[in-house]
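# Structure assessment
Listed below, chain by chain, are the residues.
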Amino acid sequence: MARRRGAFALAVAVLLWASFALTIRGLGASGLTPADAAVLRFAIPVLILAPWLPRAVRAVRRERFEVVAALSLAGLPHFLLSAWGGSLTSAALVGLLLPGSVPLFVALILAVRDAKWIGRRRVSAPAPIGRRRLSALGAIVLGIGATATLTTGAAATSGIAVLLTAGCAWAVYTIGLRHTRLDVISVILLVCTPSALLTLTLAGIGALPSTVLDGSAPLSQVALFSVLQGLGTGIVSTASYAYAVRCLGSGIPAVTGALSPVLTTLLAVPLFGEPITAGIVLALALIVGGVLTYQTAPTAVPTTRDMSKTKARPKAQGGPRAQPSTAVASSSTSWPGIARRVTPSIVVAGATPAAPNRPASTP
(Lines give C-alpha, C1' and ligand atoms only; values in the text may rest on other atoms or scores of the structure.)
Protein backbone atom coordinates (compact mmCIF):
# COMPACT_ATOMS: atom_id res chain seq x y z
CA MET A 1 0.00 0.00 0.00
CA ALA A 2 2.84 2.38 0.81
CA ARG A 3 4.42 1.79 -2.59
CA ARG A 4 1.10 2.52 -4.31
CA ARG A 5 0.77 5.78 -2.42
CA GLY A 6 4.37 6.59 -3.29
CA ALA A 7 3.76 5.87 -6.97
CA PHE A 8 0.67 8.10 -6.93
CA ALA A 9 2.61 10.91 -5.25
CA LEU A 10 5.37 10.56 -7.84
CA ALA A 11 2.84 10.74 -10.68
CA VAL A 12 1.40 13.92 -9.18
CA ALA A 13 4.86 15.47 -8.91
CA VAL A 14 5.82 14.63 -12.51
CA LEU A 15 2.48 15.95 -13.80
CA LEU A 16 2.97 19.22 -11.92
CA TRP A 17 6.50 19.54 -13.27
CA ALA A 18 5.13 19.16 -16.79
CA SER A 19 2.41 21.72 -16.01
CA PHE A 20 5.13 24.31 -15.31
CA ALA A 21 6.37 24.12 -18.90
CA LEU A 22 2.83 23.97 -20.30
CA THR A 23 1.59 27.01 -18.37
CA ILE A 24 4.74 28.95 -19.33
CA ARG A 25 4.05 28.13 -23.00
CA GLY A 26 0.35 28.99 -22.75
CA LEU A 27 0.90 32.27 -20.93
CA GLY A 28 0.51 34.39 -24.06
CA ALA A 29 -2.97 33.07 -24.84
CA SER A 30 -4.21 33.13 -21.24
CA GLY A 31 -4.94 36.83 -20.94
CA LEU A 32 -2.31 37.12 -18.20
CA THR A 33 1.06 38.83 -18.41
CA PRO A 34 4.38 37.41 -17.21
CA ALA A 35 4.11 39.73 -14.19
CA ASP A 36 0.71 38.26 -13.33
CA ALA A 37 2.03 34.71 -13.51
CA ALA A 38 5.09 35.66 -11.45
CA VAL A 39 2.94 37.21 -8.71
CA LEU A 40 0.77 34.10 -8.52
CA ARG A 41 3.79 31.79 -8.66
CA PHE A 42 5.71 33.46 -5.83
CA ALA A 43 3.13 35.23 -3.66
CA ILE A 44 0.99 32.17 -2.92
CA PRO A 45 3.82 30.12 -1.33
CA VAL A 46 4.79 33.19 0.73
CA LEU A 47 1.22 33.58 2.01
CA ILE A 48 0.96 29.90 2.88
CA LEU A 49 4.35 29.81 4.60
CA ALA A 50 4.04 33.25 6.22
CA PRO A 51 4.18 31.88 9.82
CA TRP A 52 7.74 30.69 9.15
CA LEU A 53 8.89 33.97 7.55
CA PRO A 54 10.52 35.55 10.66
CA ARG A 55 12.55 32.40 11.29
CA ALA A 56 13.58 32.30 7.61
CA VAL A 57 14.72 35.93 7.71
CA ARG A 58 16.97 35.21 10.69
CA ALA A 59 18.41 32.15 8.94
CA VAL A 60 19.07 34.04 5.69
CA ARG A 61 20.95 36.75 7.59
CA ARG A 62 23.39 34.09 8.80
CA GLU A 63 23.88 32.61 5.32
CA ARG A 64 26.80 33.58 3.08
CA PHE A 65 26.08 36.30 0.53
CA GLU A 66 27.23 34.30 -2.50
CA VAL A 67 24.94 31.41 -1.56
CA VAL A 68 21.97 33.75 -1.10
CA ALA A 69 22.71 35.33 -4.49
CA ALA A 70 22.87 31.91 -6.18
CA LEU A 71 19.59 30.77 -4.64
CA SER A 72 17.87 34.02 -5.62
CA LEU A 73 18.41 33.29 -9.31
CA ALA A 74 15.72 30.59 -9.07
CA GLY A 75 13.10 33.26 -8.44
CA LEU A 76 12.08 36.08 -10.75
CA PRO A 77 15.16 35.93 -13.06
CA HIS A 78 14.59 32.26 -13.92
CA PHE A 79 10.83 32.70 -14.24
CA LEU A 80 10.98 35.70 -16.58
CA LEU A 81 13.63 34.05 -18.75
CA SER A 82 11.48 30.92 -18.94
CA ALA A 83 8.39 32.95 -19.86
CA TRP A 84 10.30 34.89 -22.51
CA GLY A 85 11.80 31.75 -24.03
CA GLY A 86 8.42 30.00 -23.93
CA SER A 87 6.81 32.82 -25.89
CA LEU A 88 9.37 32.32 -28.68
CA THR A 89 9.43 28.52 -28.86
CA SER A 90 7.23 25.50 -28.15
CA ALA A 91 6.11 23.76 -24.98
CA ALA A 92 8.23 20.76 -25.97
CA LEU A 93 11.40 22.88 -26.05
CA VAL A 94 10.52 24.58 -22.76
CA GLY A 95 10.01 21.21 -21.08
CA LEU A 96 13.15 19.79 -22.70
CA LEU A 97 15.78 22.53 -22.57
CA LEU A 98 15.05 23.96 -19.12
CA PRO A 99 15.75 20.72 -17.23
CA GLY A 100 17.91 19.06 -19.85
CA SER A 101 20.57 21.76 -20.00
CA VAL A 102 21.05 22.05 -16.23
CA PRO A 103 23.40 19.03 -15.72
CA LEU A 104 25.60 20.37 -18.50
CA PHE A 105 25.83 23.84 -16.99
CA VAL A 106 26.42 22.43 -13.51
CA ALA A 107 29.34 20.39 -14.82
CA LEU A 108 30.80 23.35 -16.71
CA ILE A 109 30.45 25.79 -13.81
CA LEU A 110 32.00 23.38 -11.32
CA ALA A 111 34.81 22.52 -13.72
CA VAL A 112 35.68 26.20 -14.17
CA ARG A 113 35.40 26.86 -10.44
CA ASP A 114 37.56 23.88 -9.49
CA ALA A 115 40.20 24.73 -12.08
CA LYS A 116 40.34 28.31 -10.79
CA TRP A 117 40.54 27.30 -7.15
CA ILE A 118 43.07 24.54 -7.76
CA GLY A 119 45.24 27.08 -9.57
CA ARG A 120 45.19 29.17 -6.41
CA ARG A 121 45.73 26.03 -4.27
CA ARG A 122 42.58 26.72 -2.28
CA VAL A 123 40.85 23.36 -2.62
CA SER A 124 41.69 19.73 -3.19
CA ALA A 125 41.60 18.17 -6.63
CA PRO A 126 38.08 17.20 -7.74
CA ALA A 127 37.13 13.63 -8.31
CA PRO A 128 37.01 12.56 -11.96
CA ILE A 129 33.57 12.69 -13.53
CA GLY A 130 33.75 9.27 -15.17
CA ARG A 131 33.24 8.06 -18.73
CA ARG A 132 29.52 7.38 -18.41
CA ARG A 133 28.84 10.88 -17.17
CA LEU A 134 31.07 12.40 -19.84
CA SER A 135 29.12 10.43 -22.45
CA ALA A 136 25.85 11.63 -20.90
CA LEU A 137 26.96 15.25 -21.05
CA GLY A 138 28.03 14.71 -24.67
CA ALA A 139 24.55 13.40 -25.51
CA ILE A 140 22.99 16.47 -23.90
CA VAL A 141 25.24 18.75 -25.96
CA LEU A 142 24.26 16.90 -29.15
CA GLY A 143 20.59 17.17 -28.21
CA ILE A 144 20.85 20.91 -27.66
CA GLY A 145 22.71 21.21 -30.95
CA ALA A 146 19.96 19.25 -32.69
CA THR A 147 17.28 21.61 -31.42
CA ALA A 148 19.22 24.64 -32.62
CA THR A 149 20.02 23.09 -36.01
CA LEU A 150 16.60 21.66 -36.80
CA THR A 151 14.59 24.65 -35.52
CA THR A 152 13.63 27.18 -38.17
CA GLY A 153 13.05 30.89 -37.64
CA ALA A 154 15.06 33.58 -35.92
CA ALA A 155 12.54 33.90 -33.09
CA ALA A 156 12.73 30.18 -32.30
CA THR A 157 16.53 30.27 -32.32
CA SER A 158 16.51 33.27 -29.99
CA GLY A 159 14.03 31.44 -27.76
CA ILE A 160 16.41 28.49 -27.48
CA ALA A 161 19.19 30.85 -26.38
CA VAL A 162 16.90 32.40 -23.76
CA LEU A 163 15.86 28.98 -22.44
CA LEU A 164 19.50 27.93 -22.19
CA THR A 165 20.19 31.10 -20.19
CA ALA A 166 17.32 30.14 -17.86
CA GLY A 167 18.84 26.67 -17.54
CA CYS A 168 22.18 28.21 -16.61
CA ALA A 169 20.47 30.30 -13.91
CA TRP A 170 18.89 27.14 -12.50
CA ALA A 171 22.28 25.42 -12.55
CA VAL A 172 23.74 28.18 -10.39
CA TYR A 173 20.77 27.76 -8.03
CA THR A 174 21.40 24.02 -7.90
CA ILE A 175 25.02 24.58 -6.92
CA GLY A 176 23.84 27.02 -4.28
CA LEU A 177 21.59 24.29 -2.86
CA ARG A 178 24.63 22.08 -2.36
CA HIS A 179 26.28 24.67 -0.15
CA THR A 180 23.41 26.26 1.76
CA ARG A 181 22.78 25.78 5.46
CA LEU A 182 19.13 26.81 5.12
CA ASP A 183 16.26 24.40 5.69
CA VAL A 184 13.71 23.74 2.96
CA ILE A 185 11.10 26.29 4.11
CA SER A 186 13.73 29.01 4.39
CA VAL A 187 14.94 28.26 0.84
CA ILE A 188 11.39 28.47 -0.53
CA LEU A 189 10.79 31.78 1.23
CA LEU A 190 14.18 33.12 0.12
CA VAL A 191 13.31 32.34 -3.51
CA CYS A 192 9.68 33.48 -3.40
CA THR A 193 9.53 36.50 -1.07
CA PRO A 194 11.94 38.88 -2.88
CA SER A 195 10.53 37.77 -6.24
CA ALA A 196 6.95 38.50 -5.18
CA LEU A 197 7.86 41.89 -3.70
CA LEU A 198 9.96 42.89 -6.72
CA THR A 199 7.25 41.85 -9.17
CA LEU A 200 4.56 43.75 -7.27
CA THR A 201 6.80 46.83 -7.16
CA LEU A 202 7.62 46.74 -10.87
CA ALA A 203 3.97 46.15 -11.74
CA GLY A 204 2.84 48.90 -9.37
CA ILE A 205 5.07 51.55 -10.99
CA GLY A 206 4.13 50.40 -14.49
CA ALA A 207 7.47 48.86 -15.43
CA LEU A 208 5.73 45.50 -15.96
CA PRO A 209 2.16 45.36 -17.28
CA SER A 210 -0.28 43.51 -15.03
CA THR A 211 -3.90 42.63 -15.69
CA VAL A 212 -4.28 41.32 -12.15
CA LEU A 213 -3.52 44.70 -10.59
CA ASP A 214 -5.75 46.65 -13.00
CA GLY A 215 -8.62 44.21 -12.47
CA SER A 216 -8.97 42.99 -16.07
CA ALA A 217 -7.47 39.52 -15.63
CA PRO A 218 -9.75 36.56 -16.47
CA LEU A 219 -10.73 34.98 -13.16
CA SER A 220 -10.62 31.47 -14.62
CA GLN A 221 -7.01 31.94 -15.70
CA VAL A 222 -6.07 33.49 -12.36
CA ALA A 223 -7.51 30.44 -10.60
CA LEU A 224 -5.76 28.05 -12.99
CA PHE A 225 -2.33 29.66 -12.61
CA SER A 226 -2.79 29.99 -8.85
CA VAL A 227 -3.42 26.26 -8.56
CA LEU A 228 -0.79 25.04 -11.04
CA GLN A 229 1.99 27.58 -10.51
CA GLY A 230 1.58 28.87 -6.96
CA LEU A 231 0.16 25.89 -5.11
CA GLY A 232 1.11 23.03 -7.44
CA THR A 233 4.61 23.93 -8.57
CA GLY A 234 5.52 25.88 -5.45
CA ILE A 235 4.40 23.51 -2.70
CA VAL A 236 2.48 20.36 -3.73
CA SER A 237 5.14 19.04 -6.14
CA THR A 238 7.77 19.45 -3.40
CA ALA A 239 5.70 17.57 -0.83
CA SER A 240 4.65 14.88 -3.33
CA TYR A 241 8.21 14.17 -4.40
CA ALA A 242 9.44 14.04 -0.82
CA TYR A 243 6.70 11.53 0.04
CA ALA A 244 7.50 9.46 -3.06
CA VAL A 245 11.16 9.29 -2.05
CA ARG A 246 10.16 8.17 1.44
CA CYS A 247 7.98 5.35 0.05
CA LEU A 248 10.02 4.28 -2.97
CA GLY A 249 13.57 5.33 -2.19
CA SER A 250 15.48 7.91 -4.24
CA GLY A 251 16.36 5.79 -7.28
CA ILE A 252 12.93 5.31 -8.92
CA PRO A 253 11.71 8.91 -8.41
CA ALA A 254 14.97 10.38 -9.71
CA VAL A 255 14.83 8.36 -12.93
CA THR A 256 11.08 8.86 -13.41
CA GLY A 257 11.47 12.60 -13.00
CA ALA A 258 13.56 12.71 -16.17
CA LEU A 259 10.48 11.62 -18.13
CA SER A 260 8.63 14.90 -17.53
CA PRO A 261 9.91 16.42 -20.83
CA VAL A 262 8.33 13.48 -22.66
CA LEU A 263 5.02 14.08 -20.88
CA THR A 264 5.24 17.79 -21.69
CA THR A 265 5.78 17.04 -25.38
CA LEU A 266 2.84 14.63 -25.53
CA LEU A 267 0.46 16.98 -23.71
CA ALA A 268 1.44 19.91 -25.94
CA VAL A 269 -0.06 18.12 -28.96
CA PRO A 270 -3.73 18.31 -27.86
CA LEU A 271 -3.34 21.49 -25.80
CA PHE A 272 -1.48 23.70 -28.27
CA GLY A 273 -1.59 21.71 -31.51
CA GLU A 274 2.20 21.45 -31.60
CA PRO A 275 3.48 18.71 -33.93
CA ILE A 276 6.04 16.17 -32.78
CA THR A 277 8.73 16.59 -35.42
CA ALA A 278 11.70 14.39 -36.13
CA GLY A 279 13.96 17.04 -34.60
CA ILE A 280 11.98 17.03 -31.35
CA VAL A 281 12.12 13.23 -31.19
CA LEU A 282 15.88 13.26 -31.78
CA ALA A 283 16.43 15.96 -29.16
CA LEU A 284 14.21 14.11 -26.68
CA ALA A 285 16.12 10.88 -27.19
CA LEU A 286 19.52 12.55 -26.76
CA ILE A 287 18.75 14.88 -23.86
CA VAL A 288 16.44 12.60 -21.84
CA GLY A 289 18.80 9.68 -22.49
CA GLY A 290 21.72 11.82 -21.37
CA VAL A 291 19.96 12.91 -18.18
CA LEU A 292 18.96 9.32 -17.35
CA THR A 293 22.51 8.10 -17.93
CA TYR A 294 23.92 10.93 -15.84
CA GLN A 295 21.54 10.13 -12.98
CA THR A 296 22.23 6.42 -12.92
CA ALA A 297 26.00 6.61 -13.48
CA PRO A 298 28.11 5.84 -10.38
CA THR A 299 30.32 8.55 -9.01
CA ALA A 300 33.93 8.14 -9.98
CA VAL A 301 36.06 7.21 -6.96
CA PRO A 302 38.95 9.59 -6.28
CA THR A 303 42.33 8.02 -6.89
CA THR A 304 45.06 7.74 -4.24
CA ARG A 305 46.92 10.48 -6.03
CA ASP A 306 43.88 12.77 -5.87
CA MET A 307 43.36 12.01 -2.20
CA SER A 308 46.98 12.67 -1.38
CA LYS A 309 46.48 16.24 -2.58
CA THR A 310 43.79 16.83 -0.02
CA LYS A 311 45.07 18.88 2.87
CA ALA A 312 44.40 17.32 6.23
CA ARG A 313 42.03 19.36 8.32
CA PRO A 314 42.56 19.55 12.08
CA LYS A 315 39.83 18.01 14.16
CA ALA A 316 37.64 20.37 16.13
CA GLN A 317 38.20 20.43 19.85
CA GLY A 318 35.54 18.94 22.07
CA GLY A 319 34.44 16.04 19.86
CA PRO A 320 33.25 15.66 16.28
CA ARG A 321 31.69 18.65 14.64
CA ALA A 322 28.08 18.32 13.52
CA GLN A 323 27.51 18.80 9.83
CA PRO A 324 24.86 21.39 8.87
CA SER A 325 21.81 19.99 7.11
CA THR A 326 21.29 21.15 3.57
CA ALA A 327 18.63 20.90 0.93
CA VAL A 328 20.77 18.56 -1.14
CA ALA A 329 20.47 14.82 -1.28
CA SER A 330 22.68 13.08 1.25
CA SER A 331 24.09 11.01 -1.60
CA SER A 332 26.01 14.05 -2.83
CA THR A 333 29.73 13.45 -2.88
CA SER A 334 31.83 15.41 -0.41
CA TRP A 335 34.46 16.00 -3.05
CA PRO A 336 34.35 19.25 -5.06
CA GLY A 337 32.60 18.37 -8.29
CA ILE A 338 29.36 16.93 -9.54
CA ALA A 339 26.76 15.56 -7.16
CA ARG A 340 26.41 11.79 -7.08
CA ARG A 341 22.89 11.84 -8.49
CA VAL A 342 21.09 14.52 -10.46
CA THR A 343 18.32 15.74 -8.20
CA PRO A 344 14.88 16.72 -9.46
CA SER A 345 15.82 20.33 -9.09
CA ILE A 346 18.16 19.52 -11.94
CA VAL A 347 15.77 17.19 -13.70
CA VAL A 348 12.90 19.65 -13.77
CA ALA A 349 13.79 23.27 -13.49
CA GLY A 350 11.58 25.62 -11.56
CA ALA A 351 10.98 23.74 -8.30
CA THR A 352 12.15 24.03 -4.78
CA PRO A 353 14.07 21.59 -2.57
CA ALA A 354 12.12 18.68 -1.17
CA ALA A 355 13.56 18.36 2.32
CA PRO A 356 16.92 18.57 4.07
CA ASN A 357 19.20 15.70 3.06
CA ARG A 358 16.67 14.49 0.49
CA PRO A 359 16.61 14.96 -3.27
CA ALA A 360 15.39 18.39 -4.23
CA SER A 361 12.37 18.93 -6.45
CA THR A 362 11.29 21.32 -9.17
CA PRO A 363 10.09 24.97 -10.09
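Only a predicted model underlies this, so the values are computations on that prediction, with no experimental measurement involved. (Residues numbered from 1 in each chain as written. Predicted model: local features only at pLDDT ≥ 70, side-chain atom pairs only at ≥ 80, totals over all residues. Heavy atoms only, no water.)

### Brief notes about the environment of L259
- Looking at the element boundaries, L259 is found in the loop between α12 (251–257) and α13 (260–272).
- For L259, a relative accessible area of 41% puts it in the partly exposed group.
- The spacing of L259 and G289 is 30 residues in sequence and 9.6 Å in space, taken between C-alpha atoms. (Helix = DSSP H or I, 4+ residues; strand = E, 2+ residues; numbered from the N terminus. Buried < 20%, exposed > 50% of the residue type's maximum accessible area, 1.4 Å probe, protein only.)

### Re helix α8 (residues 131–150)
- Its 20 residues place the ends of α8 28 Å apart at the C-alpha level, agreeing with the 28 Å of an ideal helix rising 1.5 Å per residue.
- Along α8, the positions that sit buried rather than exposed are R133, A136, L137, A139, I140, G143, I144, A146 and T147. (Expected span 1.5 Å × (residues − 1).)

### Details of the pattern of salt bridges
- Taken as a whole, this structure holds four salt bridges when the rule is applied.
- Measuring nitrogen to oxygen at the nearest pair gives 3.0 Å for the salt bridge that ties E274 to R25. Placement of the pair is E274 in the loop between α13 and α14 (278–296) and R25 in helix α1 (residues 2–25), with a sequence separation of 249 residues.
- Of the residues examined, E274 reaches a relative accessible area of 10% and is grouped as buried.
- A salt bridge links D183 to R55; its shortest N-O distance comes to 3.3 Å. Within this pair, whereas D183 is found in the loop between α9 (154–179) and α10 (184–204), its partner R55 is found in helix α3 (residues 53–62), the two being separated by 128 residues in sequence.
- Through salt bridges with shared partners, a single network forms among E63, R64 and R181. (Salt bridge = Lys/Arg side-chain N within 4 Å of Asp/Glu carboxyl O.)

### Let's talk about the packing of aromatic side chains
- What the rule picks out here adds up to three aromatic pairs.
- Look at F42 and F79: their rings are 5.7 Å apart centre to centre, the planes differ by 70 degrees, and that puts the pair in the edge-to-face class. Taken as a pair, F42 in helix α2 (residues 34–48) and F79 in helix α5 (residues 76–88) lie far apart in primary sequence, 37 residues in all.
- Exposure remark for F42: the relative accessible area of 1% places this residue in the buried category.
- Centre to centre, the rings of W170 and Y173 are 4.5 Å apart; their planes meet at 55 degrees, and the pair counts as tilted. (Phe/Tyr/Trp six-rings, centres within 6.5 Å; stacked < 30°, edge-to-face > 60°.)

### Looking at a nonpolar patch on the surface
- Taken together, the side chains of L259, V262, L266, V269, I276 and V281 define a hydrophobic patch exposed on the protein surface, amounting to about 450 Å² of accessible area.
- With three residues, α13 is the largest single contributor of residues to the nonpolar patch.
- A relative accessible area of 30% places V262 in the partly exposed class. (Patch = residues over 30% accessible without salt bridge, like charges linked within 9 Å, V, L, I, M, F, W, Y side chains within 5 Å. Areas by Shrake-Rupley, 256 points an atom, 1.4 Å probe, with all protein chains shown as cover.)

### What to know about the packing of α2 against α10
- The geometry of α2 relative to α10 is characterised by a closest axis approach of 8 Å and an angle of 135 degrees between their N-to-C directions. Comparing their axes, α10 and α2 come out oblique. Crossing of α2 against α10: the hand is left-handed. Residue-level contacts link A35, A38, V39, R41, F42, A43, P45 and V46 of α2 to I188, L189, V191, C192, T193, S195, A196, T199 and L200 of α10.
- Looking at the contact of α2 with α10, its residues break down into 13 nonpolar, three polar and one charged. (Axes fitted to C-alpha atoms, helices over the stretch in contact; angles between N-to-C directions. Parallel < 35°, antiparallel > 145°, perpendicular 65-115°, else oblique. Left-handed = near helix turned anticlockwise from the far one by under 90°. Contact = heavy atoms within 4.5 Å. Nonpolar A, V, L, I, M, F, W, Y, C, P; charged D, E, K, R; others polar.)

### Details of the nonpolar core
- Counting residues in hydrophobic clusters, the biggest one holds 67 residues, and the most contacted among them are L32, F42, L71, F79, L97, I144 and Y173.
- Here the element with the most residues in this core is α9; it accounts for nine residues.
- Leaving out residues up to four positions away in the same chain, F42 has contacts with G75, L76, F79, V191, C192, S195 and A196.
- In this structure, L10, V14, Y241 and A244 belong to the second largest nonpolar core, which totals 10 residues. (Core = buried A, V, L, I, M, F, W, Y, C linked by side-chain atoms within 4.5 Å.)

### Quick notes on the confidence of the model for the chain
- A residue-level look at the chain finds 75% of positions with pLDDT of 70 or above and a mean pLDDT of 78.
- Averaged pLDDT values for the elements of the chain fall to 38 in helix α16 (residues 344–347) and rise to 96 in α3. (pLDDT = per-residue confidence, 0-100.)

### Focus on the packing of α8 against α14
- At a minimum axis separation of 8 Å, α8 and α14 run at an interaxial angle of 160 degrees. Classified by the angle between their axes, α8 and α14 sit roughly antiparallel to one another. Between α8 and α14 lies a crossing whose hand is left-handed. Counted together, R132, R133, A136, L137, A139, I140, L142, G143, I144, A146, T147 and L150 of α8 and G279, L282, A283, L286, I287, G290, V291, T293, Y294 and T296 of α14 form the full contact between these two elements.
- Tallied by class, residues from the contact of α8 with α14 come to 14 nonpolar, six polar and two charged.

### What about helix α11 (residues 219–248)?
- A maximum bend of about 60 degrees is found in α11 at G232.
- Positive backbone phi, approximately 85 degrees, marks G249, located one or two places after α11. (Bend = angle between axes of the 7 residues up to and from the residue.)

### As for the environment of I185
- Looking at the element boundaries, I185 is found in helix α10.
- C-alpha of I185 to C-alpha of L53: the two residues are 132 residues apart in sequence and 8.7 Å apart in space.
- Apart from the residues within four sequence positions on either side, I185 is in contact with L49, W52 and R55.

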